[in-house]
Amino acid sequence: MISCRISPYVSNNIGKCLRQVKWVQSYSRCVCNSNWIIGHGSHRKTLVQSQDNVLNFTGIHCRNLCSSLTGSISLPEYEVICNETLESLTDYFDVIVEENTHLENADVTYGDGVLTVNFGNPHGTYVINRQTPNKQIWLSSPTSGPKRYDFDPSRNIWIYKHDNKSLHDLLQEEIVTIVTSNVDFYSNCSHSGKHR
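Scope of this entry: the structure provided in the associated data block. None of these values were measured; they are calculated from a predicted model.

### A short note on the packing of aromatic side chains
Right, on to step 1. In the structure shown here, the tally under the stated rule is seven aromatic pairs.
Right, on to step 2. When the centroid spacing of 5.0 Å and the interplanar angle of 90 degrees are considered together, the rings of Tyr92 and Phe185 count as edge-to-face. Taken together, the residues span a long stretch of sequence, with Tyr92 in helix H3 (residues 75-99) and Phe185 in helix H5 (residues 185-188) at a distance of 93 residues.
Right, on to step 3. Overall, the relative accessible area of 9% leaves Tyr92 in the buried class.
Right, on to step 4. What links up through ring pairs into an aromatic cluster is the set Tyr92, Phe93, Phe119, Tyr126 and Phe185.

### Comments concerning the pattern of salt bridges
Right, on to step 1. Counting across every chain of the model gives four salt bridges.
Right, on to step 2. Measuring nitrogen to oxygen at the nearest pair gives 2.8 Å for the salt bridge that ties Arg155 to Asp152.
Right, on to step 3. On the basis of relative accessible area, Arg155 is assigned to the partly exposed category, the value being 39%.
Right, on to step 4. Residue Lys165 pairs with Glu173 through a salt bridge whose shortest N-O separation is 3.2 Å.

Criteria and cut-off values
- Residues numbered from 1 in each chain as written.
- Predicted model: local features only at pLDDT ≥ 70, side-chain atom pairs only at ≥ 80, totals over all residues.
- Heavy atoms only, no water.
- Phe/Tyr/Trp six-rings, centres within 6.5 Å; stacked < 30°, edge-to-face > 60°.
- Helix = DSSP H or I, 4+ residues; strand = E, 2+ residues; numbered from the N terminus.
- Buried < 20%, exposed > 50% of the residue type's maximum accessible area, 1.4 Å probe, protein only.
- Salt bridge = Lys/Arg side-chain N within 4 Å of Asp/Glu carboxyl O.

Now the structure itself:
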């Protein structure tokens, strides 16, 4: 059983969240001063980092906490995160194409959850699309082939489990060889793990 001295403002939300992810039996220690921590060893998680954040610990924060603890996201969360990812990638690819006039036949299109970036010959076409049933983003690269990315909420990245590289890592490595200018998919795109 969890034993905590926590503010009544957050106790209900924390309790609900912990019940949802079934951590009540597995994680039994909560240390409360300026930080509230639950768990033991490498599984310790900071719930609230400052007493100033007590009033801001609402249901949405609880859902985000649940996602980070379980390593999965709900379908509504997936929809939001996927849309933000694809829309920010579309915007940034538009910028890249506009800034690199030597890519005369390059074209960026986005619709119905499918982003297509055609760089023309000899570079080929990238297709990045949502895969809602699996809560994934799929990528087809003319350089490295197809990959399926799962969202890791603890790191805020889309990760390919077979090589542990993120979607943004792959784009950063491959697109820089196509364009003549520097690219930064981390700072300019959402859910890159390093988005400022």
